[in-house]
Amino acid sequence: MLSGINMLCFSASYAVALGLEVFGLWTRVRLRRVALLTMASGGVFAHTWYLGRRVAETPTAPLASHQDWYVLAAWALAVIYLAAKFYYRQSSMGLFLLPAVLGLLGASRFAATVPLATFQAPRVWGRIHGLFLMLGTVAVLLGFVAGVMYLVQSYRLKHKLRTSQHLRLPSLEWLERVNSRSLGAAALFVGGGFFTGVLSRLAHTGDQNFVPWTDPVVLTLGGMMAWLTAAEVFRLAYPTSRRGRKVAYLTVAAFVFLLLALGAVTLQDSLHQNRLDGAPATEAATANAIAGGAA
Amino acid sequence: MNLRMIGCTHQSTGLDVRQQLAFDAAQANSALEIWQNRFVGAEFVLLSTCNRVELYAAAADKRASPSTEQLPNTEQLINAVLEFHKIPRQQVEGQLLTLANEQVVRHLYRVTASLESMVVGEPQILAQVKQAYQNAQDAGSTGPQLHELFQSALRTAKRVSSETSLHQHRVSIPSVAIADLATCVFETFDDKHVLVMGAGEMADETLRYLRDAGDARIHVVNRSPDHGQQLAEKWGGEFHSWDQLWQQLALADLAISTTAATEPIVTAAAFAGRVAPLRHQRPLFVLDLSVPRDFEPAVGDALGVYLYSIDDLDQACQRNRAARAAELPAAEKIVVQETGRFAAEVHRRATAPIITGLRAGLERPKEAELQRLFHKLPDLDEQSRQEIERFADRLVNKMLHPPLESLRDASQNGTPHGLIDALRRLFRLED
């Protein structure tokens, strides 16, 4: 029975969980939380099973293709959501986290399924590169979600809006902490991902000029790395920028860079592929490795 | 059902009379002991809080079990309480509440579920009822009747708490300020710098809620050192002279202001000039509980400042009161259901000895007749004997069915004393 698990199964589970979170804005019936946890846990279980099966079938999975990469990032966010649901029992975090999970799964439908790196030395670098960027993406998304929640909570308190029993958010202090740590982690992972991408390229060709600096994916990724590094330095050096609202704005801006990078990857997948189809075999594989990393 | 309650509540009796009738723990123990000796066999629980003094009494139903002692009547109970406090009857005339049987059940359920409280839904009453029952148990004045009643009252309160949101909406200003609002800003209060400006009653009450929420570092600034030091000592905090106000405000995470100043103390200009540059936009949650305000409303516009005046908090309290009121019908419905259930159970139990007697009265001749038959027919095989026994059982059950059915139907509306007496006489049932 489990062999029939596909992306639709866990996407549907997350969508139902999101529906229950939205339903909770109006009323909180007794079994809503049980149903919500069941759907979210079921989704994470199916998601994990799916990734495990991918690893069993494809040794390079779960970072074998852009699609795998998206699915793995969505899995990490879903696990964070489930853990948060146990820590903050009554919170409405799912309203913010689950759309990000579903967004990543939706994007994976448009991402390339062709295998990425196929040769040994750069493949190791390529996988480290992909892993770093996946973690960086999760950190940026988490920071963005925490930032949005911070801004909503801060607005409600500042304008003395009615504290709803149904829309419960974590405290500003907790959100600020998550936000700051996400920003720091994102800067570290995205920076690491960018440099391992360059290293994997050099490891393969030894030619610095072979790095496609003008590639839109590489450009947006470089821009995001520069922004995150500047934001983190700014945050550490300037006391008022450590405050929740400023950090929230910084992570929201980082999210815009991430959207550009992901958009470039998704839109260029077919373009990359078409270009590589006409290139020599070794060159095609190398370019694929960079493309995978740039995701 | 054999229950009585006499007492006074905040709804029917003035504070002066309630104070005279109140019992402290030692007095309650002594009174329960006196009443037990005076009314042998009766059970007592005494509930004495700021808002009510209630004496619950019970005894086994005399008609159901005539051997037991009779329950003291309402007059005897009133006199017992008044004599203990040496209060003349005319002083409380017309101010006491007296209830009997199902009224007692319903009243206790409502009291325990906090539907009779001055602030409906306040949680303390449940602990007070538990404590009153525990005291009576320790004094040995309870028994099976009141045990059943109080346990069912606690179950009813639990149902009201879990099936309605009556208790979820806080209605006092300090509780709303700390539990509903400050927790939206701070994850924990353990390491927070709390500044208290002034040493009023409201500050004291707010600090009580704050202490329940965490171990904050409390700093008090007050114009009068005596009051300020007293408040700081009470809550394990530190007192600072009034001239350190700005320095303390720059360090604070949470500021509670309760001074009697007639003009705002913290103006927007003063905050921007003397405090904001030192804070670097660090969040500051301000509870301005003074009338008139101690903080100018424009202070709330500063980055990182969340300023709540007493009006803002009062609006939140009003909303919560309205939310509680909306939950009342659901809570009342539970009380009605549980009262009905308790009464049905009591009535069912009252008929139990009759049912047992009826069954035993038919079982005995059945057994005797079976023995006689088996003796006359010694060649019967085992299967035939079992078949005859089953026939006899069925016959007894069918004969018992109509009277038991009538008894059950009559029990729906109270203990059917007339029917019980008739069955006793018809079937010659002994007690």
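S.K.: Explain the interface of chain A and chain B here, please?
M.R.: Interface size is commonly expressed as the accessible area that is lost once the parts come together. Listed as interface residues are 25 residues of chain A and, on the opposing side, 28 residues of chain B. Here chain A meets chain B over a buried area of about 2000 Å², counting both sides, of which 50% is carbon and sulfur. Three residues stand out in chain A for area buried against chain B, namely L157, K158 and K160 of chain A, and they jointly supply 28% of the buried area on that side. We note a salt bridge from E173 of chain A to K192 of chain B, for which the minimum N-O separation is 2.8 Å. Contributing elements (two or more residues each) for the side of chain A that touches chain B: α5 (120-158), α6 (172-205) and α8 (244-277) of chain A. With 6 residues, α5 of chain A is the single largest residue contributor to the side of chain A that touches chain B.

S.K.: Whenever I open this one, the pattern of salt bridges confuses me. Can you help?
M.R.: Once their charged atoms are close, side chains differing in charge can pair, the charge on each being opposite to the other. All names here are of chain B. Tallied over the entire structure, the rule returns 24 salt bridges over all chains. R106 is the salt-bridge partner of E332, the closest N and O atoms lying 4.0 Å from each other. Linking E332 in helix α12 (residues 310-376) with R106 in helix α4 (residues 102-112), this pair joins segments that are 226 residues apart in sequence. Taking the shortest distance from any N to any O, the salt bridge between R424 and D421 comes out at 3.7 Å. One end of the pair, R424, and the other, D421, are both in helix α14 (residues 417-426), 3 residues apart, so they sit about a helical turn from each other. What you see here is one network of salt bridges that share partners, running through R106, R110, E116 and E332.

S.K.: What is the right way to read the sheet that holds strand β4 (residues 97-100) of chain B from this model?
M.R.: Across a sheet, strands are paired by hydrogen bonds formed along the backbone, either parallel or antiparallel in direction. Residue and element names in this part refer to chain B. The antiparallel open sheet is built from 4 strands, whose spatial order is β2-β3-β1-β4. The two strands at the open ends of the sheet, each matched to only one other strand, are β2 (43-48) and β4. Shown here is a sheet whose adjacent strand axes are inclined to one another by a mean of 10 degrees, direction ignored. Contacts from helix α5 (residues 124-139) reach β2 and β3 (52-58) within the one sheet, and its direction differs from that of β2 by about 140 degrees.

S.K.: Which parts of the structure should I look at to understand the side chain of E21 of chain A?
M.R.: All names here are of chain A. Note on placement: E21 falls in helix α1 (residues 7-23). Relative accessible area serves as the criterion here: at 2%, E21 is assigned to the buried category. There is a polar contact of 3.1 Å between the side chain of E21 and the side chain of K85. A polar atom in the side chain of E21 sits 3.5 Å from the backbone nitrogen of G94. Sequence-distant contacts of E21, defined by excluding residues within four places in its chain, comprise R32, L36, Y81, K85, S91, S92, G94, L95 and L98.

S.K.: How should I be thinking about helix α11 (residues 268-279) of chain B in this particular structure?
M.R.: Side chains three or four residues apart in an α-helix point the same way, a direct result of the helix having 3.6 residues per turn. All names here are of chain B. For α11, the complete set of buried residues consists of A270, F271, V275 and R279. Angularly, the buried residues of α11 cover 90 degrees about the axis, an arc narrow enough to put them on a single face. In this structure, α11 carries A269 and G273 as exposed residues pointing more than 90 degrees from its buried face. Contacts made by the buried residues of α11 are with α10 (245-251), β9 (284-288) and β10 (305-309).

S.K.: Is there a simple way to explain the nonpolar core in this structure?
M.R.: In terms of nonpolar packing, the biggest core is built from 108 residues, with L77 and L228 of chain A together with L254, F285, L287 and L313 of chain B touching the most fellow members. With 13 residues, α5 of chain A is the single largest residue contributor to this core. Apart from residues no more than four positions distant in its own chain, L313 of chain B is found in contact with I173, V176, A177, L181, L287, L289 and Y308 of chain B. A28, L32, L47 and L77 of chain B belong to the second largest nonpolar core, which has 59 residues in total.

The rules we used
- Residues numbered from 1 in each chain as written.
- Chains lettered and ligands numbered in written order.
- Predicted model: local features only at pLDDT ≥ 70, side-chain atom pairs only at ≥ 80, totals over all residues.
- Heavy atoms only, no water.
- Contact = heavy atoms within 4.5 Å.
- Buried area = accessible area lost by both parts, 1.4 Å probe.
- Salt bridge = Lys/Arg side-chain N within 4 Å of Asp/Glu carboxyl O.
- Helix = DSSP H or I, 4+ residues; strand = E, 2+ residues; numbered from the N terminus.
- Pairing = 2+ DSSP bridges.
- Axes fitted to C-alpha atoms, helices over the stretch in contact; angles between N-to-C directions.
- Buried < 20%, exposed > 50% of the residue type's maximum accessible area, 1.4 Å probe, protein only.
- Polar contact = N/O pair within 3.5 Å; in protein donor to acceptor, adjacent residues only side chain to side chain.
- Arc of directions from axis to C-beta.
- Core = buried A, V, L, I, M, F, W, Y, C linked by side-chain atoms within 4.5 Å.

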